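Remarks on the overall topology
So you can see what is in the structure, the chains are spelled out below.
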Amino acid sequence: MFSEFALHERLLKAVAELKFVEPTPVQAAAIPLALQGRDLRVTAQTGSGKTAAFVLPILNRLIGPAKIRVSIKTLILLPTRELAQQTLKEVERFSQFTFIKAGLITGGEDFKVQAAMLRKVPDILIGTPGRMIEQLNAGNLDLKEVEVLVLDEADRMLDMGFADDVQRLVEECPNRQQTMLFSATTGGSGLREMVAKVLKNPEHLQLNAVSQLNETTRQQIITADHNQHKEQIVNWLLANETYQKAIIFTNTRAMADRIYGRLVAQEYKAFVLHGEKDQKDRKLAIDRLKQGGVKILVATDVAARGLDVDGLDLVINFDMPRSGDEYVHRIGRTGRAGNDGLAISLICHGDWNLMSSIERYLKQSFERRTIKEVKGTYGGPKKVKASGKAVGVKKKKTDAKGDKKKVAAKTANKRKTTNRPKAEAPSLVSKDGMAPLKRRKPEAPAAE
Ligand code: AMP
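A brief report on the enclosed structure follows.

What follows concerns the pairing of strand 12 (residues 312-317). Burial analysis of strand 12 places six of its six residues in the buried class, which makes it a mostly covered element. With five bridges connecting them, strand 9 (residues 245-249) and strand 12 associate as parallel partners. Across the sheet, residue Ala246 finds its bridge partner in strand 12, namely Leu314. One ladder, built from four bridges, connects strand 12 with strand 13 (residues 341-347); its direction is parallel. When the bridges of strand 13 are listed, Ile316 appears paired with Ile344.

As structure tokens, then:
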């Protein structure tokens, strides 16, 4: 029960108003320690309720009578605009019975309007690192009195190239008394370095191994012959599955646009979200999806990061994500706060080994599903190794006896085959679930 936490009654009233009854595991573990002022390093997946886990203790610290604000007391940094907007909403919902004010600084919004907001000095400032630095450089931002610093989705901030910006912003908060770092994954050496630099004697709460996905989400694969066949399967799923809202993930902007075009042509109410879309489009897409005017979103990873939409219960991976962690992030869009979800990955011949690497990384086996109305010819590799990967077709040893012509032809053939992509493509997923080899150029993060 939330009432067991030493939280101010005005916060408990807001919690009750939001109909939160039981704290989630990350809230149960983090809130008491955060209330004591401890530095925290928390590994918890998206959808676990981690926002409330840091927002409630922060509000508890700031709560008091209405007063003239003289300095920003809390800074919350996040990797994307959408995530920052969602966090602001969460702060506003929890602080509705208090005098605490929060402000938002992200790219894609009017710089001067933000500067005016900063002059009013919010208690809590939420935003993305790039625009924060710009406001700082313009002399509009003073973080010297920040007491609590939160780095949310820190692993993703590093992935998106914000390491230097984050470091600079951390240095701008020399008087901070508490720092909390959240990440969905255990991260790599970059994250370890950041943890060592930024946190003082932190409590490490590992709420989920990355392999523990939302238990309420079923995970399936459907094999496909090629992209056109995948499109047929998507059509079938959208027409026949029971869902409230669906998200279709692609690895490229071009594919997202293509699928979106097909859906619109079939009079589906859909939106497309990728890094090339401007802020207005992104906001509109998310608002319409939240309100239910639009049921289907086609998106790339960058655009969909941190998206929290109620009733999103179907995720379709048109393209398989390039790493196990990315898979977890995508699937984290559904099955939130205990709701049921369904995640379906469409697997062509070239996707198989990546899919099986992700299964191994997650220590899970996805359910194989066949839809007879749209069944193709490819049903997975003929033979699989113990690892689950396809067994490559071995070439027979050639008998080069005598005939010089035959030998020459065979040698030429051999050269050709070695140039061709091998039946068993190298794994794109390393032990830590990251993709060391990138086949296609990933979408660049949207500029913040
Ligand atoms: P988060 O992981 O912070 O993005 O939260 C995911 C979703 O779960 C958000 O919509 C929260 O409002 C919701 N949520 C968080 N904590 C609880 C709770 N204790 N009970 C019910 N819903 C919650």
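Before going further, it helps to examine the side chain of Asp313. Relative to the elements of secondary structure, Asp313 occurs in strand 12. Buried within the structure, Asp313 lacks any salt-bridge partner; its nearest side chain of opposite charge belongs to Lys295, at an N-O separation of 8.1 Å. Reaching out from Asp313, the side chain makes a polar contact with the backbone nitrogen of Gln244 at a distance of 2.9 Å. Leave out the neighbours within four places in its chain, and Asp313 touches Tyr243, Gln244, Lys245, Thr334, Asp340, Gly341 and Leu342.

This next bit is on the environment of His229. Positionally, His229 belongs in helix 10 (residues 227-240). For His229, a relative accessible area of 3% translates into the label buried. As a C-alpha pair, His229 and Leu346 span 117 residues in sequence and 9.6 Å in three-dimensional space. Residue contacts for His229: discarding those within four places in its chain leaves Thr223, Ala224, Val374, Lys375 and Gly376. There is a polar contact of 2.8 Å between the side chain of His229 and the backbone nitrogen of Asp225.

About the thresholds
Residues numbered from 1 in each chain as written. Predicted model: local features only at pLDDT ≥ 70, side-chain atom pairs only at ≥ 80, totals over all residues. Heavy atoms only, no water. Buried < 20%, exposed > 50% of the residue type's maximum accessible area, 1.4 Å probe, protein only. Helix = DSSP H or I, 4+ residues; strand = E, 2+ residues; numbered from the N terminus. Pairing = 2+ DSSP bridges. Lys, Arg positive; Asp, Glu negative; His and termini not counted. Salt bridge = Lys/Arg side-chain N within 4 Å of Asp/Glu carboxyl O. Polar contact = N/O pair within 3.5 Å; in protein donor to acceptor, adjacent residues only side chain to side chain. Contact = heavy atoms within 4.5 Å.

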